[in-house]
Structure formats: C-alpha cells, structure tokens
Amino acid sequence: LTSKGVKFYSTSTRSSASPSGAGSLARRALPVGSMGLQRRHMSSIPATMKAAVIEKTGPAETMEVKEWPVPKINDGQVLIKNEYAGINFIDTYHRSGLYARDLPFVGGQEGGGTIAQLTPKAEELGFKLGDKVAYSILQTYSEYSAVPAAKLQPIPDGVGVDVATACVVQGMTAHYLTTDAHAQLIKPGEWMLIHGVGGGTCQWAAQMAKELGYKVIGTTSKGKEAVGRATGVDELIVLDEAPGTSFEDYTSVDVTKKVLDITGGEGVKCVIDGIGKATMDISIDSLARRGIFVSFGNASGAVPPFPVLRLIGKSAFVTRPKLLDYTENRGEMLRRSSQIMGWIKDGKLKVSIDKTFSLEEAAEGHKYLEAGKSTGKVLYKI
C-alpha cells in the first residue's frame, strides 16, 4: 500500500533472500516466456472494458459502444485508466473512411487519466502508479489504453485532466501551426489570417499567435462572434452561418477583400486554414508576396487538387502538415507541451471546454462536432 493508499501488485516473485526480508517484492524483471515482464499495477484491472468501436466506416451511427479486451502492455508501455478522451475532426475522418484505417478499431487519439500499470522501462522515465498524464495514440475512446511511456505528457499541479486532455491534439496542433509549420516565412509584427477562431483548434491558435507577437485576423460565424473576440485577435471578420449548420458561410462576405483592406493591399504572410474546401481560394488569394498557405484540416471537405501555377501570382508557398511530424521525439513533444502548460498556468492561454459527452453518447459527440456547433474543446467523460 503506497502513501496515497493505492494498492499495487507485482508479477515478480517474493524472495526470502531479498535484502529487505521474506516479505519484500523482488524488483528484477522476469524473462519473457516464463512469468513475463515485471509489472506493477493497481488492483482490479478487468479483462474487458467499454470502448467505442468502428467495425465499418460511415456516419456517426456506425460507431458502437461495446465490450472490448483491455490491452496488454509491453515493456516501455503503461496502462492508462482514462478519465477523458478528446473528440477531434481527425477522428471523424477515420470513422468516415476519409483517412483509411484497418477495421475494426477503437476510435480516438487523445486521452488523459491515471497510470494503472507500468513496466520497468516506464519506471526508468520517472513515471509512477497513480501519476496523472495526457497522451496521444490511436485508441482512446475506451476505459483503458496501452501507451508508450515516451508519449506521456505529465500533467502539472493546477491543471485539470480535462484541460490537459484538450491540450494533446488541439493544443499541440495549434502550437506547431503557429511556431513552425509556416517555416518562419512570417515574422512577429506581420499579419496572419486564421480561419474559424470561434471553434476548437483555431481558438487556441489565435491566442498563441498573439502571444508570439503576430498581428491576427480571424474569421468566425455570427453565432461564435463572442468566442472569436475573446481570443484577442486584432481584426475579426464575422460571417453568416451556412444553412442548417453553425459553420461560417464563406460566400456571405468577401473575406479576401476585407483582408486586403485591413493589410493595406498587401495580404497576409501566413494563413492557417482548417476549414478546407470552402476556404482554399480565399486563403491563397489573401496571401502576401512569398506568403504561406498552411492547410491542416477539412472541416468543410477536403481541399481539391490544384495546379502549382495557382501559386505563381505572389510566389506563394503551401504546406499540408500533420502533428506527428512536429512531435518527432519525446524532447520535441515535451518542449511544446511544457510551453502550452506554462501559458495555461500563467493565465496567458484560456482553454474552453465546450461540451462533455459520456462514452455511451459516442455518436452524439461526433455529430455535434461535425455540425460545427463547438465553441471550444469537446470531450468524452469515460
């Protein structure tokens, strides 16, 4: 029994020859194939768990909550008892089949909770049973997840598990978009256009861009105007909502003209665009000379192919980045995570948890996000 009252067991044997006496736990790892790797774990880890499973791709209703085996961990991994799982647009792309996955699979790629089981290599990284952590792997819409210890982000005191979970994909994505994806083609004091600042990821990105010294133009819908203004953008372009949704109707306002008016005809040095199909032309046409179009999402549909000559007007750049390439190793991941957590603790970054669904409401969570209703982070409470 630890000082926190948490019971754990070890699969190692007790040894009367141990220096601590007959009752101590032997710390040596046992060979694989005999009794397996030494693992320390909390009591009562079940054999099965509830999980939101996709057995065929399609609409939100194809995702079903059912009993699923609790994953086994290998050395270097930990087993997390999840408290929250983040809901992100990329999850809907996996579920719909836009991004192909082997079937069946458990949804999600963002989670946070408590270490319930760990292995010697995980202990070597300083982790302990009961530690609160956040992480990103495939398979988080579940009560338990097996996670490489190198992918864990410690949750500091004063930051809730829900807020930390929100940081893992949206926060980290916003961080690499505003710090590195633009390849330093924009400098502090220059203009950046960020679409959808009343929503999730770009609500983070707008705040980070301001903290980093950029001048920011945001776009948002009338229904999310207050959220957009709260990000502190320098200029906010407010659009009507598309019929039947909460998404911006990018045909309701001449966004490019407004951007050029704001910037004295020059355009912006960087566009951060998670909307996709509906904003591609606006984004390219809003660029300044040698500006960069950072396309990272498909909320309105995938960006269609276009000829490279489309960029010749202002010798523009384009990139289609993803988070994994900007968290290549543990050091880079922790550098981003620690800066984000620091901003949160210092009150420089405000995290909006918009809505929390139960895991049993898995389909409703996806529908809510896809309808464009979110004004912040959307989570499952596990």
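Residues numbered from 1 in each chain as written. Predicted model: local features only at pLDDT ≥ 70, side-chain atom pairs only at ≥ 80, totals over all residues. Heavy atoms only, no water.

### Description of helix H3 (residues 161–179)
Let me state the cut-off plainly: Each helix corresponds to a stretch of at least 4 residues labelled H or I by DSSP, and each strand to a stretch of at least 2 residues labelled E; elements are numbered beginning at the N terminus. For a helix, the expected span equals 1.5 Å multiplied by the number of residues minus one. The angle between axes fitted to the seven residues ending at a residue and the seven residues starting there is what we call the bend at that residue. Think of it in three bands: with a 1.4 Å probe and only protein chains considered, a residue is buried below 20% of the maximum accessible area for its type, exposed above 50%, and partly exposed in between.
If you check H3, its first and last C-alpha atoms are 25 Å apart, about what 19 residues at 1.5 Å a residue would give, namely 27 Å. Of all the bends in H3, the greatest measures close to 50° and is centred on Val 168. For H3, the tally of buried residues reaches 18 of 19 residues, placing the bulk of the element in the interior.

### Overview of the sheet that holds strand S3 (residues 48–54)
Sheet strands line up and pair through hydrogen bonds in the backbone, either parallel or antiparallel. For the record, the criterion: When DSSP finds two or more bridges between a pair of strands, those strands are recorded as paired.
Here three strands make up an open sheet; going across it, the order is S4-S3-S6 and the pairing antiparallel. For this open sheet the edge positions go to strand S4 (63–69) and strand S6 (105–106), each flanked by a neighbour on one side alone. Pairing geometry for S3 and S4, over seven bridges, is antiparallel. Note on S4: the bridge partner recorded for Ala 51 is Lys 66.

### Here we look at the sheet that holds strand S11 (residues 191–194)
Going by this rule: Think of each axis as a best-fit line through the C-alpha atoms, taken over the contacting stretch in the case of a helix, with angles from 0 to 180 degrees between the N-to-C directions. Note on contacts: a residue pair qualifies if any of its non-hydrogen atoms lie within 4.5 Å across the two residues.
Pairing within the open sheet is parallel, and its six strands lie in the order S13-S12-S11-S14-S15-S16. Looking along the sheet, the strands with just one partner apiece sit at the ends: strand S13 (235–239) and strand S16 (317–319). In this sheet, adjacent strand axes meet at a mean angle of 15° when their direction is disregarded. Bridging between S11 and strand S14 (residues 268–273) involves three bridges; their strand directions are parallel. Paired with Leu 193 across the two strands is Val 271, which belongs to S14. Its contacts with the sheet place helix H4 (residues 201–211) against S11, strand S12 (215–221) and S14, and it is angled at close to 170° to S11.

### Considering the nonpolar core
As a reminder of what qualifies: Residues belong to a common nonpolar core when they are buried Ala, Val, Leu, Ile, Met, Phe, Trp, Tyr or Cys residues joined through side-chain atoms within 4.5 Å.
Counting 44 residues, the largest nonpolar core has Met 192, Ile 194, Trp 204, Ile 272 and Ile 340 as its most contacted members. Going through the elements one at a time, H3, S11, H4, S14, strand S15 (287–295) and helix H8 (330–345) are the ones with two or more residues in this core. No other element matches H3, which puts 11 residues into this core. The contacts of Ile 272, once residues within four sequence positions are left out, are Leu 177, Thr 178, Met 192, Leu 193, Ile 194, His 195, Cys 202, Val 294 and Phe 296. Among the nonpolar cores identified, the runner-up in size contains 19 residues, and Trp 191, Leu 239, Val 259 and Ile 275 belong to it.

### Some points on the side chain of Thr 220
Along the chain, Thr 220 falls in strand S12. Taking the relative accessible area as the measure of exposure, Thr 220 reaches 0% and is therefore buried. Discounting residues that sit within four places of it in the chain, Thr 220 has contacts with Val 197, Gly 198, Glu 225, Leu 236, Ile 237, Val 238, Leu 239 and Glu 248.

### A closer look at the confidence of the model for the chain
How we decide: Confidence scores labelled pLDDT are given residue by residue by the predictor and lie between 0 and 100.
Looking at the chain as a whole, its pLDDT mean stands at 89, while 88% of the residues score no less than 70. Within the model, pLDDT remains below 50 along residues 1–36, and this stretch shows 55 contacts once partners closer than five positions in the same chain are excluded.

### Notes on the pairing of S14
Of all six residues in S14, six are buried; the element is thus mostly enclosed. Looking at chain direction, S14 and S15 are connected through five bridges and run parallel. Residue pairing for S15: Val 268 is matched across the bridge by Leu 287.

### Things to note about the packing of helix H1 (residues 89–96) against helix H9 (residues 362–370)
Our working rule: Our angle categories are set so that under 35 degrees counts as roughly parallel, over 145 as roughly antiparallel, 65 to 115 as roughly perpendicular, and the remainder as oblique. Crossing handedness is defined as follows: a turn of the near helix away from the far one that is anticlockwise and smaller than a right angle gives a left-handed crossing, while the clockwise case is right-handed. All residues other than Ala, Val, Leu, Ile, Met, Phe, Trp, Tyr, Cys, Pro, Asp, Glu, Lys and Arg, Gly among them, are scored as polar; the first ten of these are nonpolar and the last four charged.
In the contact formed by H1 and H9, the axes pass within 10 Å of each other and the chain directions differ by 115°. By the angle between their axes, H1 is roughly perpendicular relative to H9. The chirality of how H1 crosses H9 is left-handed. Contacts between H1 and H9 involve Phe 89, Asp 91, Thr 92 and Arg 95 from the first element and His 366, Leu 369 and Glu 370 from the second. Of the residues that constitute the contact of H1 with H9, the class distribution is two nonpolar, two polar and three charged.

### Here we look at H9
Those residues of H9 that fall on the buried side of the exposure criterion are Ala 362, Ala 363, Gly 365, His 366, Tyr 368 and Leu 369. Close packing links the buried residues of H9 with S3, S4, strand S5 (77–87), H1, strand S17 (353–358) and strand S18 (377–381). Downstream of H9 by a residue or two, Gly 372 has a phi angle that is positive, lying close to 75°.

### Focus: unusual backbone geometry
The linkage connecting Leu 103 with the following residue, Pro 104, adopts the cis geometry, with an omega of -10°. As for its placement among the helices and strands, Pro 104 is situated in the loop between H1 and S6. In this structure, Gln 184 takes a positive phi of about 60° despite not being glycine. Position of Gln 184 among the secondary structure elements: in the loop between H3 and S11.

### Some remarks on the pattern of salt bridges
In plain terms, the rule: A side-chain nitrogen of Lys or Arg and a carboxyl oxygen of Asp or Glu constitute a salt bridge if their distance falls within 4 Å.
Scanning the entire structure with this criterion turns up 19 salt bridges. In this structure, Glu 360 and Lys 50 form a salt bridge, with 3.2 Å as the shortest nitrogen-oxygen distance. Of the two residues, Glu 360 is situated in the loop between S17 and H9 and Lys 50 in strand S3; the sequence distance between them amounts to 310 residues. Judged by relative accessible area, Glu 360 falls into the partly exposed class, the value being 48%. What makes Lys 50 partly exposed here is its relative accessible area of 36%. With a shortest N-O distance of 3.0 Å, Asp 261 and Lys 257 are connected by a salt bridge. With Asp 261 and Lys 257 both in helix H6 (residues 255–262), this residue pair falls four residues apart, about one helical turn. Relative accessible area serves as the criterion here: at 52%, Asp 261 is assigned to the exposed category.

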